[in-house]
Structures are given as structure tokens and as C-alpha cells.
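Coordinate analysis (summary)
Here is what each chain is made of, one letter per residue.
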Amino acid sequence: MPLIEVTLTEGREPGAIRALIHEVHAAVERSLGAPAQSIRVIVREVPRAHWAAGDQTLAERDEINKGD
């Protein structure tokens, strides 16, 4: 039973998340030949204030780049 986990920053439209789930599911089904009902896709959305790179959260980076 394939289990695919996708982690994204929050803020996307529900339709975009649904499209992502569909495309990931189709790719796994096609590439592995897994039965459709056995494929699991989990999408986790993380607040930008909880995601950091280089000791700077994405929310902090957004604030800095706001002036550009």
C-alpha cells in the first residue's frame, strides 16, 4: 500500500490541493501499477511561521521581501 506524504506551506486554494492529490495518485498508480484503492496521499499544510530555512522563517522572509 503506497503512502505518499506531501508537505507544503499553507495558503493554497482547496482546488489546487485536490488537483495535486489527483496528479500524485495518478503518477503512483501509473509508475508502480498499484491498485487505485490501495494508494494513500496525505497533504500537510504548515504555517509559514513554522517553516524555516537558514534560521529565518518563511513569514519573516515574507516581511523582509514585502518592501521589494
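A brief structural summary. Each chain carries its own residue numbering, running from 1 in the direction its sequence is written. Since the coordinates come from a predicted model, pLDDT governs what is reported: local features require at least 70, and pairs of side-chain atoms require 80 or more to be given and counted, while whole-chain, interface and lining totals use all residues. Heavy atoms from the whole structure form the basis of all side-chain values; hydrogens and water molecules are not counted.

With respect to helix 1 (residues 14–32)
The condition is simple: Helix and strand definitions follow DSSP, with helices as H or I runs of at least four residues and strands as E runs of at least two, each counted in order from the N terminus. Multiplying 1.5 Å by the helix residue count minus one yields the expected span of that helix. Burial classification: accessible surface area is computed with a 1.4 Å probe over protein chains only, and a residue below 20% of its type maximum counts as buried, one above 50% as exposed, and the rest as partly exposed.
Here helix 1 is 19 residues long and its end C-alpha atoms lie 27 Å apart, about the 27 Å a rise of 1.5 Å per residue gives. Taken together, the buried positions of helix 1 are occupied by Ile17, Val24, Ala26 and Val28.

Some remarks on the environment of Ala34
Formally: The contact rule is simple, with two residues in contact once any of their heavy atoms fall within 4.5 Å.
Within the secondary structure, Ala34 is located in the loop between helix 1 and strand 2 (40–46). Ala34 sits in the buried class, given a relative accessible area of 11%. When the C-alpha atoms of Ala34 and Thr57 are compared, they prove to be 38 Å apart, with 23 residues separating the residues in sequence. Those residues in contact with Ala34 that lie beyond four places of it in its chain are Pro2, Val28, Glu29 and Ile39.

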